[in-house]
Amino acid sequence: MPEGLEEAFYEFIKRVATGIPADVYKALKEAYEDETEPAAKAQLKAILENVEVACKGTRPICQDTGTPYLWIEWGESSPYKPSEIIGAFTNALRRVTKEGLLRPNAVDPLRQRNSGDNTGRHIPWVHLEPVEGDRVTVHFMSKGGGSEAPSTLIMSTPLKGFENLYRGVVEAIARAGPLPCPPVIVGVAIGAGADIVMSLAKKALLRPIGERHPDPEAARIEEELLEAINKLGLGPHGFGGKYTALDVKFEYAHRHPATFAIGIVTSCWATRRGTIVVEADGSWRITSKHLVPDGDGGCTIA
């Protein structure tokens, strides 16, 4: 295995596990400042205190440290093979788990045994996309079980596709209630098949809060769904208020004439995601911004 690759991923995983993304932190602070409902404001204050304690102490943001998902953009001219990238990441994942910064969450469903190191059959779950160039970009999400449980698939007819899209998203969030630990980020996708839309909906959660889809029509759908969800008034942890969702991320794929699949996935407020780039010469950098210790007992964005 290439020297230094495992160490790069080790530092990267630790950053994602203990430092909430800068865009999520900013959105939570803005929600707290804007919220007028006392119970909801108290919940948002507790959430912010939680992420700051995790940052200062280099501790997990939440006790449920999630299931590891990887989206790898592999440059076809990279000197690193995909198997080397995945192997180095998996080894780093085991190390971080052993140190207690990730809870062991990989359970063999047939034998009901925990692997103890967050790895196992098809875990980490990997999406590999070949791209031009010699750079490898790895997007990592540590996805909590509570926010995964309300995931919803709707196989609509094309005639009622958009009607079922809007109604289905709002009903899914209302049905989930406090289970996914709102305020949530909601990923929504439409396309030809079940596997396509569920995968795209989860991948959409990688996009920063406030960033709209480049397609104006898709961006409009994001804004309309966000407004409709927040009108539910569920609020942080179900205590009411303005912010049931921090954002909605919409994605789409061309569909079959006879199908209109809709995928809905939520991410809790403790969204843990990040991006690392590995160059052909072995140098690497974490390109996502996170809340990190500032060295003087506080936190900063880096």
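The structure this text deals with has already been given above.
Everything in this summary refers to the structure shown in the same document.

Relative to the assigned elements, glutamate 171 resides in helix 6 (residues 161–176). On the basis of relative accessibility, which here comes to 40%, the residue glutamate 171 falls in the partly exposed class. Each C-alpha atom, one on glutamate 171 and one on isoleucine 229, is 9.0 Å from the other, the two residues being 58 residues apart in sequence.

Moving on, we come to the side chain of lysine 249. Take lysine 249: it is sitting in strand 8 (residues 245–252). Assessed through its relative accessible area of 0%, lysine 249 is described here as buried. In this structure the side chain of lysine 249 is engaged in a polar contact, spanning 2.5 Å, whose partner is the backbone oxygen of proline 208.

This paragraph deals with unusual backbone geometry. Cis rather than trans, the peptide bond between isoleucine 123 and proline 124 has omega equal to 5°. Mapped onto the elements of the fold, proline 124 is located in the loop between strand 3 (113–114) and strand 4 (125–131). With an omega dihedral of 15°, the bond running from proline 182 to proline 183 counts as a cis peptide bond. In this fold, proline 183 is placed in the loop between helix 6 and strand 7 (184–191). With phi around 65°, asparagine 118 is a residue other than glycine that occupies positive phi space. Taking the relative accessible area as the measure of exposure, asparagine 118 reaches 2% and is therefore buried. Notably, histidine 237 is not glycine yet its phi reads approximately 55°, a positive angle. Relative to the assigned elements, histidine 237 resides in the loop between helix 8 (216–230) and strand 8.

Take the packing of helix 1 (residues 5–18) against helix 4 (residues 82–98) next. Helix packing for two helices is described by the angle between their axes and how far apart those axes are. Two elements in contact, helix 1 and helix 4, have axes separated by 8 Å at closest approach and are oriented at 50°. When the axes of helix 1 and helix 4 are compared, the pair comes out oblique. Crossing of helix 1 against helix 4: the hand is right-handed. Facing helix 1, whose interface residues are Leu5, Glu6, Glu7, Phe9, Tyr10, Phe12, Ile13 and Lys14, helix 4 presents Glu84, Ile85, Ala88, Phe89, Asn91, Ala92, Leu93, Arg95 and Val96.

Evaluated as defined, the whole model comprises 1 disulfide. Sulfur-sulfur distance for the disulfide between cysteine 55 and cysteine 299 comes to 2.3 Å. Disulfide cysteine 55 to cysteine 299: torsion about the S-S bond roughly -135°, handedness left-handed. Of this pair, cysteine 55 sits in helix 3 (residues 38–57) while cysteine 299 sits in strand 13 (residues 299–301), and the two are 244 residues apart along the sequence. Its sulfur unpaired, cysteine 268 is 5.9 Å from the next cysteine sulfur, which belongs to cysteine 181.

According to the stated counting rule, one finds 24 salt bridges in the structure shown. One salt bridge in this structure joins arginine 167 and glutamate 163, with 3.1 Å as the shortest N-O distance. Placement of both arginine 167 and glutamate 163 in helix 6 is noted, with a separation of 4 residues, approximately one turn of the helix. Here glutamate 279 and arginine 285 are joined by a salt bridge, their closest N and O atoms 2.8 Å apart. The buried category is assigned to glutamate 279, whose relative accessible area is 17%. What makes arginine 285 partly exposed here is its relative accessible area of 38%. Residues joined in a network through salt bridges with shared partners are Arg207, Glu211, Arg212, Glu222, Glu223, Asp247 and Lys249.

Before going further, it helps to examine the side chain of threonine 18. Counting through the fold element by element, threonine 18 comes out in helix 1. Among residues more than four places away in sequence, those in contact with threonine 18 are Ala54, Cys55, Thr58, Arg59, Pro60, Ile61 and Leu101.

A word on the sheet that holds strand 1 (residues 67–75). With mixed pairing, 5 strands are arranged side by side in an open sheet as 4-1-5-10-11. The sheet is open, and its two edges are formed by strand 4 and strand 11 (284–286), each paired on a single side. Ignoring strand direction, the axes of neighbouring strands in this sheet form an average angle of 15°. Sheet analysis places strand 1 next to strand 5 (residues 136–143), joined by 8 bridges and oriented antiparallel. Bridge assignment links tryptophan 71 to a residue of strand 5, and that residue is histidine 139.

So, on to the sheet that holds strand 9 (residues 260–267). If you trace the 4 strands from one edge of the open sheet to the other, you get 6-9-7-8, paired in mixed fashion. Two strands close off the open sheet at either side, each with one partner strand: strand 6 (152–156) and strand 8. Going from strand to strand, the sheet's axes swing by 15° on average, the running direction of each strand aside. With 7 bridges connecting them, strand 7 and strand 8 associate as parallel partners. Bridge pairing in strand 8 places isoleucine 185 opposite aspartate 247. The sheet contacts of helix 7 (residues 194–204) involve strand 6, strand 7, strand 8 and strand 9, and relative to strand 9 the element is tilted by about 35°. Packed onto the sheet, helix 8 meets strand 7 and strand 8 and runs at close to 145° relative to strand 8.

The rules we used
- Residues numbered from 1 in each chain as written.
- Predicted model: local features only at pLDDT ≥ 70, side-chain atom pairs only at ≥ 80, totals over all residues.
- Heavy atoms only, no water.
- Helix = DSSP H or I, 4+ residues; strand = E, 2+ residues; numbered from the N terminus.
- Buried < 20%, exposed > 50% of the residue type's maximum accessible area, 1.4 Å probe, protein only.
- Polar contact = N/O pair within 3.5 Å; in protein donor to acceptor, adjacent residues only side chain to side chain.
- Axes fitted to C-alpha atoms, helices over the stretch in contact; angles between N-to-C directions.
- Parallel < 35°, antiparallel > 145°, perpendicular 65-115°, else oblique.
- Left-handed = near helix turned anticlockwise from the far one by under 90°.
- Contact = heavy atoms within 4.5 Å.
- Disulfide = S-S within 2.5 Å.
- Salt bridge = Lys/Arg side-chain N within 4 Å of Asp/Glu carboxyl O.
- Pairing = 2+ DSSP bridges.

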